[in-house]
Amino acid sequence: MSSKDTEPEAAVRAWRAMRTYVLESADKRKQVMDALGMSFFRAKALRLIATEGPLTLKQLSTGLMADAPYTTITVDHLVKRGLATRTPHPEDRRSKLVQVTEEGAAAVAEMIRLTDTPPQALRALDAEDLAALDRILTKLTTQEGNS
């Protein structure tokens, strides 16, 4: 067994702690679902349309890493709620463009407010710990070849 086959204990503990903190202790998905009255996947789709749109259904499917039929169901829901519109693509009549409405943009703004507000435990860290955490996470998220 090579040294690559066994992860250093500290890395395993750190990964487990980060995963637990983000996905269990400080999970913002329920807040978003409650505030917007939709699944987190649909909220994510709306946010992607707002930030990257207008998008074709194919572009949206790719961005969400979802299949086309599920993306279509998701867009149907957003359109039905008045959060997005689907219009013919001006350059390709075989496809449609999806974009957010004013109401959809307001929902996305609320989602961003909720997801970008750090949990109290993170805000309570002293400046030195917070700076170290920021430095480490920035390094981890900007390294090439992260998987």
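Structural data are supplied above this passage.
Everything numeric here is computed off the predicted structure, so don't read it as measured data. (Residues numbered from 1 in each chain as written. Predicted model: local features only at pLDDT ≥ 70, side-chain atom pairs only at ≥ 80, totals over all residues. Heavy atoms only, no water.)

## Looking at the overall build of the chain
We apply this condition: Note on conventions: DSSP H or I runs of at least 4 residues are helices, E runs of at least 2 residues are strands, and numbering of each starts at the N terminus. Radius of gyration here uses only the C-alpha atoms, and the compact-globule reference equals 2.2 Å multiplied by the residue count raised to the power 0.38. Only protein chains enter the area calculation, which uses a 1.4 Å probe; residues under 20% of their type maximum are buried, those over 50% are exposed, and those in between are partly exposed. Residues are treated as being in contact if the distance between any of their heavy atoms lies within 4.5 Å. Note on areas: Shrake-Rupley, 1.4 Å probe, and residue coverage restricted to the protein chains presented here. Residues counted as positive are Lys and Arg, residues counted as negative are Asp and Glu, and His and the chain ends are not counted. In this description, the location of a charge corresponds to atom NZ of lysine, CZ of arginine, CG of aspartate or CD of glutamate.
Within the chain, the secondary structure is distributed over eight helices and three strands. Its helices and strands in sequence order give the chain the pattern α-α-α-β-α-α-β-β-α-α-α, from N to C terminus. Its C-alpha atoms give the chain a radius of gyration of 19 Å, clearly above 15 Å, the size a compact globule of 147 residues would have. Projected onto its principal axes, the C-alpha positions of the chain cover 55 × 40 × 20 Å. Burial analysis of the chain (147 residues in total) assigns 23% to the buried set. Of the contacts made within the chain by residues no fewer than 6 positions apart, 50% connect residues no fewer than 24 positions apart. About 10,500 Å² of surface is accessible on the chain, with carbon and sulfur atoms providing 56% of the total. If the 21 positive side-chain charges of the chain are averaged to one point and the 20 negative ones to another, these points end up 6 Å apart.

## A word on the sheet that holds strand β1 (residues 55-56)
Defined as follows: Each pair of strands is called paired provided DSSP finds at least two bridges between the two strands. Axes here mean lines fitted to C-alpha atoms, for a helix over just the part in contact, with angles spanning 0 to 180 degrees between N-to-C directions.
Strand order in the open sheet formed by three strands is β1-β3-β2, with antiparallel pairing between adjacent strands. Two strands bound the open sheet, and with one partner strand each, they are β1 and β2 (84-88). Relative to strand β3 (residues 96-100), β2 runs antiparallel, the two sharing five bridges. Within β3, the position partnered with R86 by the bridge is V98. Helix α3 (residues 40-52) rests against β1 and β3 of the sheet, and its axis sits at about 95° to β3. Against the sheet, helix α5 (residues 68-80) makes contact with β2 and β3, and its axis sits at roughly 115° relative to β2, the strand it touches most.

Spatial relationships are all this shows, so hold off on functional conclusions.
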